Amino acid sequence: MQDKAVDDWIEALLRQMTPEEKAGQLVQLFEFEAGDPDIAAEVAAGRVGSILFVRDPAEIQRLQRIAIEQTRLGIPLLFALDVIHGLRTIFPVPIAMAASWDMQAIEAGQAIAASEARTIGLHWTFAPMVDIARDPRWGRMIEGAGEDPFLGSAVAAAQVRGFQGAALGTPGRIIAGPKHFAGYGAALGGRDYDEAEISESELRNVYFPPFKAALQAGAANVMCAYMALNGVPATGNRWLLRDVLKDEWGFTGFTVSDANSAYDLCEHNFARDPLDAGTRALNAGLDMEMSLLVKYSAFRHLPQALANGDITEADLNEAVRRVLTAKCRMGLFSNPYADLATCDVTLADPAHRDAARDAAERSFVLLRNEGDLLPLDRDTLASLAVIGPLADSARDTLGPWVFDHDLDETVTVLEGIRNKVGEHIRVDHAPGVSMIARQNPSFFDSLPGLEPAARVEVDDDAEIRRAVEQAKSADCTVLVLGEAQNMIGEAASRSSLDLPGRQQELLEAVIATGKPVALLLMSARPIDLKGAAPGAIVNIWYPGSQGGAAVANALFGEAVPGGKLPFNWPRSVGQVPLPYARMKSHRPDERNVRYWNEEGSPLYPFGFGLSYSKFEYSNLRTARPVIMLGETVDVEVDLANTGRYVAAEVAQLYIHQRHGSAVRPVRELKGFRRVVLKPGETRTIAFELRAEDLSYWSSASRGWVQDETIIDVYVGTDSAARLVTSFEVRSPEDQ
Ligand code: BGC
């Protein structure tokens, strides 16, 4: 339908609706157990507009039929789920995908996730999470793209394109809902759900850009954050939802609360009661409310709020209009049922598994490779010890936020290695130590279908001895250590960055054998290894369904790691938060005075990642030494692969503004290119710096500015790049 036809049709429908039916469209309920009679009754009564968490295609069909056949107006339901990094085919966790700096792989991965979701009848995902995360104690950094707004914006847009396609309603695609608006990643102390206090300049320069990028890519939904931003709960925050999102940015999609976060306005001691909560959320700009249970719905009180005159009919209609438009654009009024005949074929598509493996290979970050320990040589290696409590844990290999995965088809690191080496190499395995359970089990662990993996429980002392013996008798040891999948994610913040349990002891004991050790870190936050120095370290994140196969390819050189850290890696937890984009201050060059007990610098800088090959940058140049305000400048650099492998490198461009109306960071990412070069190949990499890359929101003038200034441009392999040039920005009036 054309825009006008959609609008007219929705207006006609709106005119027929009672206040109760309108409120019903704005309520979204969880269905935790298929067949729940209470949910079916709510749907039949027209009190629900959307359901989340149903994964059984037949149940989706059943509930949709009730909505269509048993309600007065027959308005179809929107079905939603957190399809975060795949449905059946599980891709690496989002931060791993960001570490690939490969926007095509990210888009392609989410397109596959969308196709699997749509085939079972889902219409909408609560993704991407685009929250900037600068505090690794916060477990949800795993769901985002890390600490940087420029990278975060590119990743956000790529994910939205993948989920939604070119336009809302593209066949085989689903609605994307960037979340959590806004500032959720800045939770005090890294404690999930705690309040965030963020200045307007920080919001506009750092936290908002990925949301804007997601909206520019067409995202049709936005989810509110749980916590209070600067003292006002995000779900009742009119400045966020109306002034910025809808009025200033012109967002025409619909907003949804986080689970119970409208009702929770009472918990925040903000709203007086659920009626007040619903009233204030709607007035603030919330369109749909997500509720854990019917009794937690604040929006079911909207008819009362209307009768009391606390909300207007116009505002109620506006919210309903946004929800109905999404349903209409998704084609639900004409085609509400999924074609289940194609389900199995789509879910079993081997191309999806190949894409997941390929994505994992692109995401690995090689942090250390002394004496070129990696890649391992299959021809000369006779034996390998694969040690660690995560080496053979399928559930942990997938990471958090997976529901419809198949553990039987998940390849662990141990399996991947065994499949690769066959009979040629002896492979021994020992867990090495127990994987401890979380001290405080998460709410998620209790949800049906989300039970944590069976924990490895062994006699640690005896097991460490056994692992050491295995390491001694093997040519090389591959250690797989990190955090279990439920130790990171929602409600999984930590006050420590250490390896949980006795893994550090195991690591040190195996290194002490003097035999070569390659450490694979299965984690999504920087881990403090306390100076332990195995020959090689690779961050493999939670690599997904085909993770073990991808790891084996990387270990034996069939894939060359080219991933780059999407965050600064601190030396210890006491340093956090430690963003690379810091401001200069008193005694700027003496970072060691920042702490007297340790360096102020990170262990590995943002953007860092080695390769089996070697890369050299040279000849950095800008097209012009002077530009005028508003103009674009071209920057070029020559990049050579001087090593022995065909390999990917991510060339990164950072700027630094020497003076201006406000202080700007020492480095800010403003461009990157991921390229694959053959040995001996040199390529010129071109970047473009546009006026918007040189502009920022200034606290001094409380608005966007571009200063007359000098800009230093650094290009290289990470945020510590040394190759530098500069150009001047002048005002045309000074000519
Ligand atoms: C999370 C959201 C998620 C929702 C539904 C909440 O607890 O914060 O990110 O989309 O649950 O699962």
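Residues numbered from 1 in each chain as written. Predicted model: local features only at pLDDT ≥ 70, side-chain atom pairs only at ≥ 80, totals over all residues. Heavy atoms only, no water.

### Comments concerning the overall build of the chain
- Along the backbone of the chain there are 21 helices and 26 strands.
- Here the chain has a C-alpha radius of gyration of 26 Å; the compact-globule value for 735 residues is 27 Å, and the two agree.
- By principal-axis analysis of the C-alpha atoms, the chain measures approximately 75 × 70 × 45 Å.
- Counting every position in the chain, which comprises 735 residues, the buried fraction comes to 63%. (Helix = DSSP H or I, 4+ residues; strand = E, 2+ residues; numbered from the N terminus. Rg over C-alpha atoms; globule rule 2.2 N^0.38 Å. Buried < 20%, exposed > 50% of the residue type's maximum accessible area, 1.4 Å probe, protein only.)

### What to know about the pattern of salt bridges
- Tallied over the full model, the rule gives 54 salt bridges.
- As a salt-bridge pair, Asp354 and Arg357 come within 3.8 Å of each other at their nearest N and O atoms. Taken together, the residues span about one helical turn, with Asp354 and Arg357 both in helix H15 (residues 350–363) at a distance of 3 residues.
- Residue Arg357 is classed as partly exposed on the basis of its relative accessible area, which comes to 24%.
- In this structure, the salt-bridge partner of Glu483 is Arg494, at a minimum N-O distance of 2.8 Å. Here Glu483, found in the loop between strand S14 (476–482) and helix H19 (503–511), pairs with Arg494, found in the loop between S14 and H19; they are 11 residues apart in sequence, far enough to count as distant. By the burial criterion, Glu483 is buried, and Arg494 matches it.
- Via salt bridges that share partners, Glu11, Glu318, Arg321 and Arg322 belong to a single interconnected network. (Salt bridge = Lys/Arg side-chain N within 4 Å of Asp/Glu carboxyl O.)

### Side note on the sheet that holds strand S19 (residues 633–641)
- The strand order across the open sheet formed by 3 strands is S17-S19-S22, and the pairing between neighbours is antiparallel. Among the strands making up the open sheet, the edge pair consists of strand S17 (615–622) and strand S22 (682–689). When strand polarity is set aside, the average angle formed by the axes of neighbouring strands in this sheet is 20°.
- Relative to S19, S17 runs antiparallel, the two sharing 6 bridges. Among the inter-strand pairings, Arg621 is bridged to a residue of S19, identified as Glu636. (Pairing = 2+ DSSP bridges. Axes fitted to C-alpha atoms, helices over the stretch in contact; angles between N-to-C directions.)

### Observations concerning the packing of aromatic side chains
- By the definition in use, this model includes 27 aromatic pairs.
- Taken together, Trp101, Phe150, Tyr580, Phe606, Tyr654 and Phe672 form an aromatic cluster joined through their ring pairs.
- The side chain of Arg667 reaches across the aromatic face of Tyr714, ending 3.4 Å from its centre. (Phe/Tyr/Trp six-rings, centres within 6.5 Å; stacked < 30°, edge-to-face > 60°. Lys NZ or Arg CZ within 6 Å of the ring centre and 35° of its normal.)

### Brief notes about the site of the ligand
- Lining the immediate surroundings of the ligand are 13 residues, of which Asp82, Arg140, His180, Tyr226 and Asp258 lie closest.
- Measuring from an oxygen atom of the ligand, one finds a side-chain N or O atom of Lys179 at 2.8 Å.
- Taking 310 Å² as the accessible area of the ligand by itself, protein coverage stands at 97%.
- Its residues assigned to classes, the shell around the ligand comprises 7 nonpolar, 1 polar and 5 charged. (Near = heavy atom within 4 Å. Polar contact = N/O pair within 3.5 Å; in protein donor to acceptor, adjacent residues only side chain to side chain. Areas by Shrake-Rupley, 256 points an atom, 1.4 Å probe, with all protein chains shown as cover. Nonpolar A, V, L, I, M, F, W, Y, C, P; charged D, E, K, R; others polar.)

### Quick look at the sheet that holds strand S3 (residues 78–81)
- Judged by pairing direction, the sheet is parallel, and its 6 strands sit side by side in the order S5-S4-S3-S2-S1-S10 without closing on themselves. Both edges of this open sheet fall to strand S5 (175–176) and strand S10 (289–291), since each of them pairs with a single strand only.
- Relative to S3, strand S2 (residues 50–52) is paired through 3 bridges, and the arrangement is parallel. The partner of Leu52 across the bridge, within S3, is Ala80.

### Regarding the nonpolar core
- Grouped together as the largest cluster of nonpolar side chains are 215 residues, with contacts concentrated most on Leu63, Phe181 and Trp541.
- It is helix H13 (residues 313–329) that contributes the most residues to this core, 7 residues altogether.
- Here Leu63 is in contact with Glu31, Ile39, Ala40, Val43, Ile51, Val54, Leu77 and Phe79, once residues within four sequence places are set aside. (Core = buried A, V, L, I, M, F, W, Y, C linked by side-chain atoms within 4.5 Å. Contact = heavy atoms within 4.5 Å.)

### Regarding the domain arrangement of the chain
- Partitioning the chain into structural domains gives domain 1 (3–343), domain 2 (352–569) and domain 3 (615–734).
- A C-alpha centroid distance of 36 Å is found between domain 1 and domain 3.
- Domain 1 puts 12 residues into the contact, and the matching count from domain 3 is 15 residues.
- Both sides together, the interface formed by domain 1 and domain 3 hides about 1100 Å², and carbon and sulfur atoms give 63% of it.
- It is Trp101, Phe150 and Asn205 in domain 1 that bury the most area against domain 3; as a group they hold 53% of the surface buried on that side.
- We note a salt bridge from Arg702 to Glu200, for which the minimum N-O separation is 2.6 Å.
- Our enumeration of links across domain 1 and domain 3 arrives at 5 residue pairs in polar contact (both at pLDDT 80 or more).
- At the level of elements, helix H7 (149–164) and helix H8 (200–207) are the ones that each hand at least two residues to the side of domain 1 that touches domain 3.
- With 4 residues, H8 is the single largest residue contributor to the side of domain 1 that touches domain 3.
- Per-class residue counts for the side of domain 1 that touches domain 3 are 5 nonpolar, 3 polar and 4 charged. (Domains from an automatic or database assignment. Buried area = accessible area lost by both parts, 1.4 Å probe.)

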